Each structure stands twice: as structure tokens, then as C-alpha cells.
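Remarks on the overall topology
What follows is the residue order along each chain.
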Amino acid sequence: MLQSNQFVASLTKLRIMKRKTSSQPASSTPPSSPHQSPHFPVKLNSIFDSKKPKNILKNSPAITTKASGEWVPLSIGKSELYLPLTFPTGQTFRWKETGPLQYTGVIGPHLVSLKQLENGDVGYHFHHTECEESARLALFDFLNLGISLSEIWEEFKVSDLRFCELASYLEGARVLRQDPLECLIQFLCSSNNNIGRITKMVNFLSSLGKYLGNVGGYDFHEFPEINRLAMVSETELREAGFGYRAKYIIGTVEALQSKPSGGLQWLAALRKLNLEEAVDALASLPGVGPKVAACIALFSLDQHHAIPVDTHVWQIATQYLIPELSGTRFTPKLCSRVADAFVCKYGKYAGWAQTLLFIAELPSQKAILPSRFCDAEKGNVATARQE
DNA sequence: GGGAGACCTAGTAA
DNA sequence: ATTACTAGGTCTC
């Protein structure tokens, strides 16, 4: 078992003690944006504005914020959270890079920026929030700070030499605790798709939510509620480039609306089930198969040993975990086989281990890893491992 | 039960 | 310049 008590304790302390210790010198970086803000078809917004002028885009006079000012330190250090290995690695498509080592996103109703400070720690800054205290709680929750990354990594390192080596280069790759609805809809968009287009699709849906502000050239919105999502037609989604996933969104939103307890509550309840039950429940939604279900389970439902098995993970697994299957083709049936192998090797937090191994396979990371980590990838020609 | 095909689309490789 | 294939899969025969 894992003892993260001290860690939680220190966090609690952090929360309780009003930082009277004069605020960090804070490397403030107003996010001047070299980025151009993504564009969405504007027509949809106007269409729906007329239908339901409610809380959609009631853009209070454009709050254009800069994350200047103070970065409040989380006091957890880089080993607990390194932003570039946590945010742009496929867990969420809602956060944007708004500066050097700086990412901005929305948690519930709160618009927040995070920045890796010069001392390695992470600082946060709320742009738009009505209650600083609840925003902070939401942030800690979202960052999954109740779990000590370094503690669980210690166990992985002991049992796996390769993990140990990779970990020294890829410190701070944390698993987030996202909102289940947001996570579900995002990964519905992800099937058989690439990050660029997924991001575009997620941006489109996000823009239906309440506008919160602009940071670094990006507009940020609360994630739209189920009823708001239900107002979009399949045709509109297709026109927005969703392809066949349009009907997944429509179908899933309808299914959620029809839940007796309400879709939100139904989703929230999945956090209390065991992994298999949660995955089965998710898979009852159109467009949710084993891979997507595992992503949602791991990234939003506290199912820390869920393993999203895709082609990459299949490669990893057949190379290092179940070499007897190397060379064979990946089929959905083998999903559970792979997942089992990961859990067997890494235990309760296998999903967290998988996350690091997955990140190590990304082209962006391969580039900065010593070449010996890449050798085995080409094929199993020279699987020269420790023998 | 499980193995092929089809499905949207943009980007890259032949 | 076309064609084929891939990319964080799922659904349907």
C-alpha cells in the first residue's frame, strides 16, 4: 500500500496557512502570444445565440487577462508535477500553452494558469474566479494532489529497470483528475484520430460553454452542460468536421440525458465502481469502446489501474511485458491481456506507469531521450535487452 | 464469438 | 500528381 499521508498533510498545511511568507519572486510572464487563436465556425454560435440567449456567450465585456502578477507556489516541486509532460501529452485537449512552461485551462468555472517556476516548483494563477478558496480546492483536486507521484514511482522503479531509467529523464508526468463529462466527450472525439483534429473538435464543443476570458490569444470557456450539448445537431457537428464521430456525440449525450439520476450523477457514480463495472457502463454509450473507456476511467474516474491500450501501448507491451506476443497483430480481444500484464507488473497504479511509458514513445520525447531507448522500436530484430 | 470492412479527414509516404 | 496508408477505435455484419 501506498503512504501518501504525509503528502496530503503537507498539502493541507499549504491550504491552511495563509501564505504570509512574502510571495515568491514569481517569474511573471505575461503570455504574449505568438500563437494565433484557433478559429471555429462562428455561425454556430450565432445560431444558438438566437435560440437560447441564456448563459451562452453572455460574454461579459471581454475579459482579456494576462497571467502577469503573482504565481502562487504549490510547493510540490518538479518531481510531483512537470507541466510539459502532463498537459500536452494527450490526457486533455482543453489546456493551451500560453507561455514558456506555462499552461492555461478551465477547471469547473475557474480559469487558471500554471507555470513551472525557476526553482522547479509549479505556480498557479486564477484569472477569473468568484471564490478563490473553492478554486484552489478544485485545482488541487484536478491535479490529483492527494496522490504522491514520487512515491508511486519509487515502487515502479524498484520493479522495473527500464521505468527507472526513463523516469530519470521524464520526471513529473502526472495523471490528472478531470471532470468525467469533459473527459468522456473529449475522448469520444479521439477515436481513430490525431491530436490536431481532436483539439479542433474539442475547441468547437468547448466554445458552446460560458466564456471566461482570453489568455495568450486563446479564448477559454466553461465546458458546456449536457443540455447545452444536446442542442447541437449531428449535421452541425459533421459540418464542423467531426465525421462519423458526430453521431457518437449525439448518441452519448442523449443516453446521458435519459439516465434516471441525470447524466452527471450517473457519471459521477462511476467513480465508486470497480474498474470492470465502470468500463462496462461506459461502453454502453455509443462511440465508447475499450480504449476510450479506459482513458475516461483513468483520467477522470479514479481508476488508477485502467490501461488504455492502443497501438503504441501494444508496442510497448509486446516489447517489454509479453514478448511471446511480439510480432502478432493487435486485436481488441488482446486488450485485456495487455491490461492484465501492466497491472501484474505495476500494480494498483499501473495506469500511472503506463502514462510514463506512453509518453516516452511520443516523437517529441524520443527526440530528447538517449538513443538506446529508441532502438527496440523499429522491430524486434535487435531486442537486445538485459540478458 | 471474433474477424474483416467501413467510417471522417488531414497529413505524409510511395 | 494520384494512390495508399496512418493516426490514442468503434460499430456492424
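The rules we used
- Residues numbered from 1 in each chain as written.
- Chains lettered and ligands numbered in written order.
- Predicted model: local features only at pLDDT ≥ 70, side-chain atom pairs only at ≥ 80, totals over all residues.
- Heavy atoms only, no water.
- Helix = DSSP H or I, 4+ residues; strand = E, 2+ residues; numbered from the N terminus.
- Contact = heavy atoms within 4.5 Å.
- Near = heavy atom within 4 Å.
- Polar contact = N/O pair within 3.5 Å; in protein donor to acceptor, adjacent residues only side chain to side chain.
- Nonpolar A, V, L, I, M, F, W, Y, C, P; charged D, E, K, R; others polar.
- Salt bridge = Lys/Arg side-chain N within 4 Å of Asp/Glu carboxyl O.
- Buried < 20%, exposed > 50% of the residue type's maximum accessible area, 1.4 Å probe, protein only.
- Phe/Tyr/Trp six-rings, centres within 6.5 Å; stacked < 30°, edge-to-face > 60°.
- Lys NZ or Arg CZ within 6 Å of the ring centre and 35° of its normal.
- pLDDT = per-residue confidence, 0-100.
- Disulfide = S-S within 2.5 Å.
- Domains from an automatic or database assignment.
- Buried area = accessible area lost by both parts, 1.4 Å probe.

**Regarding the environment of Glu-171**
Within the element layout of this structure, Glu-171 appears in the loop between α5 (161–169) and α6 (180–188). Here the alpha-carbon distance between Glu-171 and Leu-81, two residues 90 residues apart in the chain, equals 7.8 Å. Apart from residues no more than four positions distant in its own chain, Glu-171 is found in contact with Lys-78, Ser-79, Tyr-82, Leu-85 and Trp-153.

**Some words on the protein's contact with DNA strand B**
Close to DNA strand B lie Asn-192, Arg-197, Arg-238, Gly-243, Tyr-244, Arg-245, Arg-329 and Lys-333. Here the atoms of DNA strand B within 4 Å of the protein split so that 59% fall in sugar or phosphate, with bases taking the remainder. At 3.0 Å from a base nitrogen of DNA strand B is found a side-chain nitrogen or oxygen belonging to Asn-192. In the model, a base oxygen of DNA strand B is placed 2.8 Å from a nitrogen or oxygen of the Arg-245 side chain. For the surface near DNA strand B, the class distribution of residues is one nonpolar, two polar and five charged.

**Description of the side chain of Thr-318**
When you line up the elements, Thr-318 lands in helix α14 (residues 311–321). Of note is the side chain of Thr-318, whose polar atom sits 2.9 Å from the backbone oxygen of Trp-314.

**Some remarks on the pattern of salt bridges**
Under the defined criterion, the tally for this structure stands at ten salt bridges. For Lys-157, the salt bridge is made with Glu-154, and the minimal N-O distance between the two is 3.4 Å. You can see Lys-157 and its partner Glu-154 sitting in helix α4 (residues 149–159), three residues apart, about one turn around the helix. The exposure class assigned to Lys-157 is partly exposed, which follows from its relative accessible area of 27%. Beyond isolated ion pairs, a larger network of salt bridges with shared partners links Asp-141, Arg-177, Arg-271 and Asp-302.

**Some points on the protein's contact with DNA strand C**
Close to DNA strand C lie 20 residues, the nearest being Thr-89, Gly-90, Gly-287, Gly-289 and Lys-291. In DNA strand C, atoms within 4 Å of the protein come from the sugar-phosphate backbone in 56% of cases. Between DNA strand C and Thr-89, the relevant distance is 2.3 Å, taken from a base oxygen to a main-chain nitrogen or oxygen of the residue. Asn-192 has a polar backbone atom sitting 3.1 Å from a sugar or linking oxygen of DNA strand C. For the surface near DNA strand C, the leading source of residues is helix α13 (residues 290–300), giving three residues. For the surface near DNA strand C, the per-class residue count stands at nine nonpolar, nine polar and two charged.

**Thoughts on the packing of aromatic side chains**
Taken as a whole, this structure holds 15 aromatic pairs when the rule is applied. Through a chain of ring-to-ring contacts, the aromatic side chains of Trp-153, Phe-156, Phe-163, Phe-342 and Tyr-346 assemble into a single cluster. In this arrangement the basic side chain of Lys-78 is found over the ring face of Tyr-82, its NZ or CZ atom lying 4.7 Å from the centre. In this structure, Lys-259 is placed above the aromatic ring of Trp-266, and the distance from its NZ or CZ to the ring centre is 4.3 Å.

**Structural notes on the confidence of the model for chain A**
Looking at chain A, pLDDT values average 81 and 78% of them are 70 or higher. Here residues 1–66 is modelled with pLDDT under 50, and outside its nearest four sequence neighbours on either side it reaches 107 contacts, counting other chains as well. With pLDDT under 50 throughout, residues 376–387 is counted as low confidence; its partners more than four residues away or in other chains account for ten contacts.

**With respect to the state of the cysteines**
Evaluation of the coordinates by the stated rule reveals zero disulfides. For Cys-344, which is in no disulfide, the shortest distance to another cysteine sulfur is to Cys-335 and amounts to 17 Å.

**Overview of α13**
In terms of burial, α13 is largely enclosed, as nine of its eleven residues are buried. All buried positions along α13 are accounted for by Val-292, Ala-293, Ala-294, Cys-295, Ile-296, Ala-297, Leu-298, Phe-299 and Ser-300. Along its buried surface, α13 packs onto α6, α12 (275–283) and α16 (350–361). Downstream of α13 by one or two residues, Asp-302 has phi in the positive range, about 60°.

**Digging into the domain arrangement of chain A**
The domains assigned to chain A are domain 1 (28–150), domain 2 (180–300) and domain 3 (311–386). Listed per partner, the contact involves five residues of domain 1 and six residues of domain 3. Here domain 1 and domain 3 share an interface that buries about 530 Å² over both sides, 78% of which is from carbon and sulfur atoms. Inspection of the region where domain 1 meets domain 3 yields zero salt bridges. Put simply, domain 1 and domain 3 have zero residue pairs in polar contact (both at pLDDT 80 or more) between them. Classifying every residue of the side of domain 1 that touches domain 3 by side-chain character gives three nonpolar, two polar and no charged.

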